[in-house]
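Letter by letter, the chains look like this.
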Protein chains: 2
Amino acid sequence: MQIHFDQELKKLKEKLLKMAALTEGAIRLSIEALKNKDKELAKEVIKADSEIDKIELEIEEKSIELLATRQPVAIDLRFLTTGMKINSELERIADLAVNICQRVLQIADEPLVKPLIDIPRLADLARQMVKETIDAFVNRDKKLAKKVILSDSEADKLRNAVYYELVDDYIVKDGSCGPRAVPLILIARHLERICDHATYIAEDIIYMIGAKRVKHHPEKLKNNHKNDQK
Amino acid sequence: MQIHFDQELKKLKEKLLKMAALTEGAIRLSIEALKNKDKELAKEVIKADSEIDKIELEIEEKSIELLATRQPVAIDLRFLTTGMKINSELERIADLAVNICQRVLQIADEPLVKPLIDIPRLADLARQMVKETIDAFVNRDKKLAKKVILSDSEADKLRNAVYYELVDDYIVKDGSCGPRAVPLILIARHLERICDHATYIAEDIIYMIGAKRVKHHPEKLKNNHKNDQK
């Protein structure tokens, strides 16, 4: 009975990893579409989101079914409830990649208002944070999950850099660039939200591993994290 | 045993309602702060968010404890898993009210770029959608939950109206208004996201009531909704 349940949990984990890979791909492709002003690619990412939605539902239904039929306790229960939350965060992240692509479609026919520097950096950080949370989940790596949570302030900094550069150095000096600059500000906001969702996942993973809550208290991590690195 | 469990579920429901009331209040006060450029009020909303975070954790921990110790099935299981998701959505909504207040602090010392018309409308819609989802949850009202899901397109329209008016009629004509106009665009985006979260809750409620998935398929509701109104 337990062996069969373990197999079912393993299958669920594999599906969650597939979901994570598709989501990470969606972020990567949305930024490719932005860099190359590639409307076809942007449309593909938007279209492919329905596959991610489908997997999200499958994972959720399977998790609830396992909760109902197996009535797990302790670590298995925490794995299932955490898996459900990760699943839902990944779906939101994929939606944000779709939002980025919608902005790309808005600006792809015009020249970029400026060469992209901080946005690709923020996108790399977002992808890295998503990837690391999933690695932390698979390897039950609390240290890596903490690293993700501490990276979030870097995302806020990059988002602010994009915001103030575009508003103060571009829009204020020449408002006619507004229709090309404001979508970039929103893309930076979408990327920063992706980093937020990665952070939420990391908080859930720390809970799953140790039943310890760090949610809403990133400052509590700082000292611990230093100790981990010693 | 079941009577005791029912009491625990009732207490959990009451806590969720308290969380909902605080969240709805945060939206209302954030827009009050915007309308009156009231920095003190904006700071109060930001500060009060830690209370909402605290209740979110309490609800989540209690739910997991009940899942573990009571091993509920069928409707009680769906109530608990749905309650956990609603709890998490409400916390996100409250975070968005905080984001609105952060924008208010950014612009409160300057005159508003234009009289606010569509943003208060969008805010009213957002509050109404949050309120209706909670009513739908309490009264197990599938029809009301469907109404919320169908309201979401109105939120998208209002957000777009704010966006294009501020970009095309203000920023393009006079870029120097950018630092006051772009935060309003972001506030509209935050409000539209609140409506999205209300929609997610409504989808979960429909699932809780009827174990039927409408998630990612709002179009499936339209005909049913017409039938409901006959």
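Treat the numbers as computed from the prediction; the structure is a model and nothing was measured. (Residues numbered from 1 in each chain as written. Chains lettered and ligands numbered in written order. Predicted model: local features only at pLDDT ≥ 70, side-chain atom pairs only at ≥ 80, totals over all residues. Heavy atoms only, no water.)

Asks: Where do I start with the relation of the copies chain A and chain B in this structure?
Replies: The pair of chain copies shares a relation made of a rotation about an axis and a shift along it. In the superposition of chain A on chain B (RMSD 0.0 Å, axial shift 0.0 Å), the rotation amounts to 180°. The superposition operator between the copies reduces to a two-fold rotation axis. Among all residues of chain A, the minimum C-alpha distance to the rotation axis is found for G175 of chain A, at 1.7 Å. A shared binding surface is used by both copies, with 100% of the interface residues of chain A retained as interface residues in chain B. (Least-squares fit on C-alpha atoms with pLDDT ≥ 70 in both. Contact = heavy atoms within 4.5 Å.)

Asks: How do you make sense of the packing of helix 3 (residues 74-107) of chain A against helix 4 (residues 118-138) of chain A when you look at a structure like this?
Replies: Any two packed helices are characterised by how steeply their axes cross, that is the angle between the axes, and by the distance between the axes. Residue and element names in this part refer to chain A. Running from amino to carboxyl end, helix 3 crosses helix 4 at an angle of 165°, the nearest separation of the two axes being 13 Å. On the basis of their axis angle, the class for helix 3 and helix 4 is roughly antiparallel. Judged by the twist between their axes, the crossing of helix 3 over helix 4 is left-handed. From helix 3, F79, I86, L90 and I93 reach across to helix 4, where they touch V130, I134 and F137. A per-class count over the contact of helix 3 with helix 4 returns 7 nonpolar, no polar and no charged. (Axes fitted to C-alpha atoms, helices over the stretch in contact; angles between N-to-C directions. Helix = DSSP H or I, 4+ residues; strand = E, 2+ residues; numbered from the N terminus. Parallel < 35°, antiparallel > 145°, perpendicular 65-115°, else oblique. Left-handed = near helix turned anticlockwise from the far one by under 90°. Nonpolar A, V, L, I, M, F, W, Y, C, P; charged D, E, K, R; others polar.)

Asks: Help me out: how do you make sense of the pattern of salt bridges in this one?
Replies: Side chains that differ in charge, positive against negative, can pair when their charged atoms come close. In total, this model carries 40 salt bridges over all chains according to the counting rule given. Where E89 of chain B meets R92 of chain A, a salt bridge forms, and the shortest distance between an N and an O atom there is 2.5 Å. Of this pair, E89 of chain B sits in helix 3 (residues 74-107) while R92 of chain A is found in helix 3, placing the two residues in two different chains. Of the two residues, E89 of chain B and R92 of chain A, neither departs from the other in class, the shared state being buried. The salt bridge involving E192 of chain A is made with R159 of chain A; its shortest N-O contact spans 2.7 Å. Of the two residues, E192 of chain A sits in helix 6 (residues 178-210) while R159 of chain A sits in helix 5 (residues 142-171), which places them 33 residues apart along the sequence. (Salt bridge = Lys/Arg side-chain N within 4 Å of Asp/Glu carboxyl O. Buried < 20%, exposed > 50% of the residue type's maximum accessible area, 1.4 Å probe, protein only.)

Asks: Sorry, what's going on with helix 4 (residues 118-138) of chain B here?
Replies: Spacing of three or four residues puts side chains on the same side of an α-helix, whose turn is 3.6 residues. For helix 4 of chain B, with 21 residues, the first-to-last C-alpha span of 30 Å sits near the 30 Å given by 1.5 Å per residue. Just beyond helix 4 of chain B, the residue with positive phi is R140 of chain B, at close to 50°. (Expected span 1.5 Å × (residues − 1).)

Asks: Sorry, what's going on with the interface of chain A and chain B here?
Replies: One frequent convention defines the size of an interface as the accessible area lost when the parts assemble. Between chain A and chain B, the residue contacts involve 46 residues of the former and 47 residues of the latter. Both sides together, the interface formed by chain A and chain B hides about 4000 Å², and carbon and sulfur atoms give 57% of it. Scanning the region where chain A abuts chain B turns up 4 salt bridges. Measuring nitrogen to oxygen at the nearest pair gives 2.6 Å for the salt bridge that ties E60 of chain A to K85 of chain B. Counting every contact that joins chain A to chain B gives 12 residue pairs in polar contact (both at pLDDT 80 or more). If you tally residues by element for the side of chain A that touches chain B, the top one is helix 3 of chain A, at 12 residues. When the residues that make up the side of chain A that touches chain B are grouped by side-chain class, the tally is 21 nonpolar, 10 polar and 15 charged. (Buried area = accessible area lost by both parts, 1.4 Å probe. Polar contact = N/O pair within 3.5 Å; in protein donor to acceptor, adjacent residues only side chain to side chain.)

Asks: Honestly, the packing of aromatic side chains in this entry has me stumped. Any pointers?
Replies: Remark: the centre distance and the inter-plane angle together describe each pair of aromatic rings, the angle taken between the planes. Using the criterion set out here, one finds 4 aromatic pairs over all chains in the structure. Ring plane angle 15° and centroid distance 5.6 Å describe the contact between F79 of chain B and F137 of chain B, whose orientation is recorded as stacked. Taken as a pair, F79 of chain B in helix 3 and F137 of chain B in helix 4 lie far apart in primary sequence, 58 residues in all. Looking at F79 of chain B, the relative accessible area reads 11%, which means it is buried. Relative accessible area serves as the criterion here: at 3%, F137 of chain B is assigned to the buried category. Plain terms: the ring middles of Y163 of chain B and Y164 of chain B are 5.0 Å apart, the flat faces sit at 80° to each other, and that makes the pair edge-to-face. The class for Y163 of chain B is buried, based on a relative accessible area of 3%. Assessed through its relative accessible area of 39%, Y164 of chain B is described here as partly exposed. Geometry around Y163 of chain B places R103 of chain A over its ring, the cationic atom sitting 5.5 Å from the centre. (Phe/Tyr/Trp six-rings, centres within 6.5 Å; stacked < 30°, edge-to-face > 60°. Lys NZ or Arg CZ within 6 Å of the ring centre and 35° of its normal.)

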